Amino acid sequence: MKDKYIIYFISRTKANMIKFIENKLKENDLTDLIPTHGNILTALYESDKKLTMKEISKKLVKISQQLLL
C-alpha cells in the first residue's frame, strides 16, 4: 500500500514542478519553450562539441537514468 502512495506523491510532485516551470517560462516571455526542452538544453550545455540527434538521445537516456537513482 505504501508503494501506491509513493507513486502518487511522485506523480503529484512532477505535475507541480511542470506547472511551476511553465509559469516561470510564461512570466519571462519564453512561450516557445516547454519543460521537456530543459533536458535537451542540459545535454547541449554540458557538451563541449556539436551533437547529433543520436548523441542527444543517448545523453537524454543517461539523464533519465540518473533521475531514477
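Thresholds applied
- Residues numbered from 1 in each chain as written.
- Predicted model: local features only at pLDDT ≥ 70, side-chain atom pairs only at ≥ 80, totals over all residues.
- Heavy atoms only, no water.
- Phe/Tyr/Trp six-rings, centres within 6.5 Å; stacked < 30°, edge-to-face > 60°.
- Helix = DSSP H or I, 4+ residues; strand = E, 2+ residues; numbered from the N terminus.
- Contact = heavy atoms within 4.5 Å.

(A) Region of the structure containing the packing of aromatic side chains. As enumerated under the stated definition, the model contains one aromatic pair in all. Here the aromatic rings of Tyr-8 and Phe-9 are separated by 5.2 Å at their centres, their planes lie at 70°, and the arrangement is edge-to-face.

(B) Molecular detail of the environment of Leu-60. Relative to the helices and strands, Leu-60 resides in helix α3 (residues 53–68). Between the C-alpha atoms of Leu-60 and Asn-39, which are 21 residues apart in sequence, the distance is 6.5 Å. Those residues in contact with Leu-60 that lie beyond four places of it in its chain are Asn-39, Ile-40 and Ala-43.

Such coordinate-based values are descriptive only and should not be taken to indicate function.
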